[in-house]
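Per-entry structural report
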Amino acid sequence: MPQIRTDLRNIAIIAHVDHGKTTLVDCMLRQSGQFRDAQLTGEQILDSNDLERERGITILAKNIAIPYKGVKINIIDTPGHADFGGEVERVLSMADGCLVLVDAAEGPMPQTRFVLGKALNVGLNPIVVINKIDRKDARAYDVVNEMFDLFLQLGATDEAADFPYLFASTKEGYATFDPTVHTDSILPLMDLILEKIPAPEVEIGSPLQMLVTTIAWSEFVGRIAVGKVHAGTIRKGMNVAMMQKDDKVTQGKIAQLYTFNNLGRTEVHEVDAGDIAAVVGLTEIEIGDTICQPMNLNPLPRIHVDEPTLKMTFGINNSPLGGKEGKFVTSRHLRERLTRELERNVALRVEPIEGTEQFSVAGRGVLHLSVLIETMRREGYELSIGKPEVIYRNNNGVIEEPFETLVVEVPDNQTGPVMEMVGTRRGQILEMNNRNEITIIKFSIPARGLIGLRTRLLMATQGNAVINHRFEGYKPREESIPGRATGVLISMVGGKANAFALDSLQARSEPHVAPGDVVYEGMIVGENSRNEDMDVNPTKEKKLTNLRASGSDKNIILKPARKFTLEEALEFIEDDELVEVTPSIIRLRKIILKEVDRKRANRKS
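Below is a summary of the structure that appears in this document. All values reported here derive from a predicted model rather than from experimental measurement. (Residues numbered from 1 in each chain as written. Predicted model: local features only at pLDDT ≥ 70, side-chain atom pairs only at ≥ 80, totals over all residues. Heavy atoms only, no water.)

1. Focus on the sheet that holds strand E11 (residues 222-231)
Rule in force here: When DSSP finds two or more bridges between two strands, those strands count as paired. Under the DSSP-based scheme used, a helix requires at least four consecutive residues in state H or I and a strand at least two consecutive residues in state E, with every element numbered from the N terminus. Axis lines are fitted through C-alpha atoms, for helices just across the contact stretch, and the angle between N-to-C directions can take any value from 0 to 180 degrees.
One open sheet holds the eight strands; their spatial order is E14-E13-E19-E10-E11-E18-E15-E16, and the pairing between them is antiparallel. The open sheet has two free edges, formed respectively by strand E14 (249-253) and strand E16 (264-267), since each of these has just one partner strand. Here the average twist between neighbouring strands, direction ignored, is 40°. Of the strand pairs in this sheet, strand E10 (residues 209-218) and strand E19 (residues 290-292) are connected by three bridges, and their pairing is antiparallel. Bridge pairing in E19 links Met210 to Ile291.

If you want it as structure tokens, here you go:
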């Protein structure tokens, strides 16, 4: 007989990027009464790894548990950026309800639609939290109406569309049912969770079923499988069967068993259905597997994640400077690391490129793959990365490509450059609105057109544009999209860049290297002002003689060298170029390093 576990609530927190999910979790932790002030230092407590801290975004979904009024609330904090949608999709199956956060000024944004649609598809009961009501431009009740319209557009049931809602300022640390009333705590939201989020309905006496949604790794105990126990009870020391893909069955034994408690995990002897558990000892477990009893093989549906839309070529760093900085520099190291990443990154696809030592790595977008590259370089890997390419598909003889919904917020007087730039990349205007001297333009644009667009839009609008996008779907392939409008300067020699040489080059280019930087033949050292590549000598020194002429000496003033971030470098390069990534530096280079070889290849093509 099904039982209602009134002592449990499982909720996922979902929202568009920067709408306040992690700050809300901070409030709930601080006001739960479970921690001393010294235990909760700083902000965005759950954004614990360096990349999340530096970028100010959540990258990985995380589990915590907060006891409140005798009820254990399991909370899953999810990423808000569209490129990490795979993190959201795989953890929603652990929840019975969700908190949907929406900015009180911006309203529902592209990722709000994406994550809400996924939540409704798996039947989660939503609570809408209108956050940031302390903003001067907040329009709380208008946003509630916009959320209602969004629910209807997504085909929500009458019950889901009649969603409970309240207002909050996670920065100030309070929640309220009236945006004009400033309360003193977040507890009204906690009470609403207990009232509106359904307790899990489970069959504790049934055979075991646990769906694995996350794989963590410890160098002490190996793989740690995290998931929700859907039926039965899992116990320490229990012999189990893992139902894997392709109907494969693998036997194993539970060595250690944990449940989530506050910010960490607590070792226990058993976990009943309805709760979220972490299991140690299953060396071959993968995301999507079902843990069952050996005599009762009854797998749950595997996790479905949307397919990747963009791919890059990963290879070893074979430049003249390769292997001098990294700890892992061979193709074997690269293969092992990518294979390990596949175990927990369900939105990633890796395929070896036949006849080479390179790999085609596919993901959700440039940011999704660049976070992987950045993580690898910090671990000591050296690699070279090719230009991002979209993934086409053949639909009954029609070549289709991925399209994205692009939303740009820009001051009213700067809409012209935005519309012109997006238009040249085959973007079509879907909708245009105005709010407080800000124009909000929604486009449908090929994913190809987004590559390199963000940097150019920010430059054209003096950094005032706010840009968001999400995957829309596949449509027939558009015509060609203009690439980079300028050529590059390519070093024809190796050595150290010299101020005298760079001074003569800067009048017609933007330098990428500074005096003293090491260069090699085939390395890109600047951006040309014209649309053609030019081979130059950045190491050339001034000839010294014992004769001095009037005016022969001058004070050299160089423009600062442009230093690329990883995303900027990936968006800058063209098809015949690579990004060279090492633990300490990012360089750009041609695939074919020697000038004579490049000319020969161009003649053949």
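2. Observations regarding the packing of aromatic side chains
To keep things clear, this is the line we draw: Two aromatic rings from Phe, Tyr or Trp, using only the six-membered ring of Trp, form a pair when their centres are within 6.5 Å; if the ring planes differ by under 30 degrees the pair is stacked, by over 60 it is edge-to-face, and anything between is tilted. Throughout this description, buried means an accessible area under 20% of the type-specific maximum (1.4 Å probe, protein chains only), exposed means over 50%, and partly exposed covers the range between.
Tallying each qualifying case throughout the model produces seven aromatic pairs. Centroid distance Tyr141 to Phe167: 5.2 Å. Interplanar angle 70°. Geometry classified as edge-to-face. Taken together, the positions of Tyr141 in helix H5 (residues 140-153) and Phe167 in strand E7 (residues 165-169) put the pair 26 residues apart, joining distant regions of the chain. In this structure Tyr141 comes out as partly exposed when scored by relative accessible area, which is 44%. Taken together, a centroid distance of 5.8 Å and an interplanar angle of 80° make the contact between Tyr165 and Phe167 edge-to-face. With relative accessibility at 32%, the residue Tyr165 sits in the partly exposed group. On the basis of relative accessible area, Phe167 is assigned to the buried category, the value being 0%. Here a set of aromatic residues connected by ring pairs shows up, and it is made of Tyr141, Phe151, Phe163, Tyr165 and Phe167.

3. Some words on helix H8 (residues 331-342)
How we decide: Multiplying 1.5 Å by the helix residue count minus one yields the expected span of that helix. Contact definition: two residues touch when any of their heavy atoms are within 4.5 Å.
When the terminal C-alpha atoms of H8 are compared, their 17 Å separation across 12 residues agrees well with the 16 Å that a helix rising 1.5 Å per residue should span. Buried-residue contacts for H8 involve strand E20 (310-316), strand E21 (349-352), strand E22 (359-363) and helix H9 (366-378).

4. Considering the pattern of salt bridges
Side chains that differ in sign of charge can pair as their charged atoms come close. Short version of the rule: Every case where a carboxyl oxygen of Asp or Glu lies within 4 Å of a side-chain nitrogen of Lys or Arg is listed as a salt bridge.
Under the definition given, this model contains 34 salt bridges. In this structure, the salt-bridge partner of Arg484 is Glu577, at a minimum N-O distance of 3.0 Å. Taken together, the positions of Arg484 in the loop between strand E29 (466-476) and strand E30 (488-491) and Glu577 in strand E36 (residues 577-581) put the pair 93 residues apart, joining distant regions of the chain. Here the salt bridges do not stand alone but share partners, grouping Arg484, Asp533, Asp576, Glu577 and Lys590 into one network.

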